[in-house]
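Here is how the chains run, residue by residue.
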Amino acid sequence: MQIGIVGLPQSGKSTLFQTITKTHLDPSAMSRVETHQAIIKVPDERLDILTGIFNPKKKTNATIEVLDVVGLQKGDSGSTQFTSNFLSKVKNNDALIQVVRLFKSDIVPHPDGSVNMIRDIDSFETEFIISDLTIIEKRIETVKKQVQKTNDDKLKRELPLLEKCYQILQEEKPLRDAHLSNDEMKILNSFQLLSIKPMLIALNLDESQVNESTKYLDELTKKKLSTHTKALCFFGKIEQELSELSNKEAQVFMNEYGIKESALNSIIREAYDLLGLQSFFTCGEQECRAWTIKKGSTAQDAAGEIHTDFYNKFIRAETVGYDDFISAGTFAKAKENGTWRLEGKEYVVKDGDLLIIRHG
Ligand SMILES: Nc1nc2c(ncn2[C@@H]2O[C@H](COP(=O)(O)OP(=O)(O)OP(=O)(O)O)[C@@H](O)[C@H]2O)c(=O)[nH]1
Ligand SMILES: [Mg+2]
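Bear in mind the structure is a predicted one, so any value in this text is a computation, not a measurement.

## Concerning the overall build of the protein chain
Next, step 1: Of the regular secondary structure elements, the protein chain holds 14 helices and 14 strands.
Next, step 2: The C-alpha radius of gyration computed for the protein chain amounts to 23 Å, which stays within 12% of the reference 21 Å derived for 360 residues, consistent with globular compactness.
Next, step 3: Long-range pairs, those at least 24 residues apart, make up 68% of the contacts in the protein chain between residues at least 6 apart in sequence.
Next, step 4: Of the accessible surface of the protein chain, which amounts to about 18900 Å², a share of 49% is contributed by carbon and sulfur atoms.
Next, step 5: Within the protein chain, one finds 47 positive and 53 negative side-chain charges whose respective centroids are separated by 4 Å.

## Thoughts on helix α1 (residues 13-21)
Next, step 1: Counting buried positions over the 9 residues of α1 gives 9, a clear majority of the element.
Next, step 2: Of all the residues in α1, the buried ones are Lys13, Ser14, Thr15, Leu16, Phe17, Gln18, Thr19, Ile20 and Thr21.
Next, step 3: Positive phi shows up at lysine 22, right after α1, with a value of about 50 degrees.

## Section: the sheet that holds strand β2 (residues 36-41)
Next, step 1: Strand order in the open sheet made by the 6 strands is β2-β4-β1-β7-β8-β9, with mixed pairing throughout. The open sheet terminates on both sides in strands that have one partner only, identified here as β2 and β9 (229-234). Within this sheet the neighbouring strands show an average axis-to-axis angle of 25 degrees, counted without direction.
Next, step 2: Where strand β1 (residues 2-7) meets strand β7 (residues 95-101), 5 bridges bridge the pair, whose relative direction is parallel. Considered in β7, the bridge of glycine 4 is made with leucine 96.
Next, step 3: In the packing of helix α7 (residues 213-222) onto the sheet, contacts are made with β8 (199-204) and β9, and the angle to β9 comes to roughly 165 degrees.

## A word on the environment of proline 9
Next, step 1: With respect to the helices, strands and loops of the structure, proline 9 is situated in the loop between β1 and α1.
Next, step 2: Between the alpha carbons of proline 9 and arginine 101 there is a distance of 9.6 Å; along the sequence they are 92 residues apart.

Conventions we followed
- Residues numbered from 1 in each chain as written.
- Chains lettered and ligands numbered in written order.
- Predicted model: local features only at pLDDT ≥ 70, side-chain atom pairs only at ≥ 80, totals over all residues.
- Heavy atoms only, no water.
- Helix = DSSP H or I, 4+ residues; strand = E, 2+ residues; numbered from the N terminus.
- Rg over C-alpha atoms; globule rule 2.2 N^0.38 Å.
- Contact = heavy atoms within 4.5 Å.
- Areas by Shrake-Rupley, 256 points an atom, 1.4 Å probe, with all protein chains shown as cover.
- Lys, Arg positive; Asp, Glu negative; His and termini not counted.
- Charge placed at Lys NZ, Arg CZ, Asp CG, Glu CD.
- Buried < 20%, exposed > 50% of the residue type's maximum accessible area, 1.4 Å probe, protein only.
- Pairing = 2+ DSSP bridges.
- Axes fitted to C-alpha atoms, helices over the stretch in contact; angles between N-to-C directions.

As structure tokens, this is what we get:
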């Protein structure tokens, strides 16, 4: 999974990036020239507990790739514009985190002169919609010409979908709200559309604003977030400082500031929810490992996540739910008490399942 951090200049993108990836960017490298990339380990208490039980040689967390995406320019008219570099970076992102600035600072001026959450979110959304409209308009033109020439059935089927998207964008709505089917999403996949991507709005607050987080989130909910959009608060500057401490020390300070959950944890939880993801585990003497799959995936899909060969040569899965395993303590005990099962390829994997894949 790949997630891109986007947002207006000076909103706190690089601060958030450094906090959740526990990296440290050189201040000169923080300028908006280069996109930074890092892999984060998805924290999972269940994996830690399983590792304690199995005592394997290796523990492997699920991972997410995070990008600090550069390339938003302010045009002469004051409008924002996406550069081709920006578009090429976000096109592969599964979801976007939009950082919206709520902290006030005279040292770091807001590009529009003042802090205004709704204005910033709307202006970003408008840019997404305009960018998508241009792409869809061009595609409709191309497809119409091609259909006239070739009478191609596939292209003929694409046209109503493009027109449906055009209509929605014309109404100034993002494509996230279009309720597209998986097949329709597949067709649109290669077009670098932006307003179609699931979006996590991350409000960047100062430590003095900890008590105001509910107020801002309520204000956003009232505005009615579009489908496939979620919102959360984080405390950029203070959390970046705390990310340099050990987890235990950081927790003490977070309690003192009244910060309930770290940016890393809340972002991962919301992103999993937004993208409909869940985890399963493979555990043994060699390795305990967490994997990420879509909710509703089958045992065969899970096998494919581990290795394509396992998908093709899938025979069956041995499985036990996380809670059942913890109360049993070992695979043998789980077998004895009947919670350990053999399942076929159609079995729908549940969050936290421990799986052993048998393959040819
Ligand atoms: N007071 C305060 N300052 C912050 C906070 N978050 C970020 N900053 C400061 O704001 C400035 C910009 O933060 P960055 O994280 O570089 O913002 P950015 O969105 O990556 O900026 P560009 O890449 O230049 O668009 C830095 O000087 C940060 O230290 C915050 O929560 N409170
Ligand atoms: Mg930056």
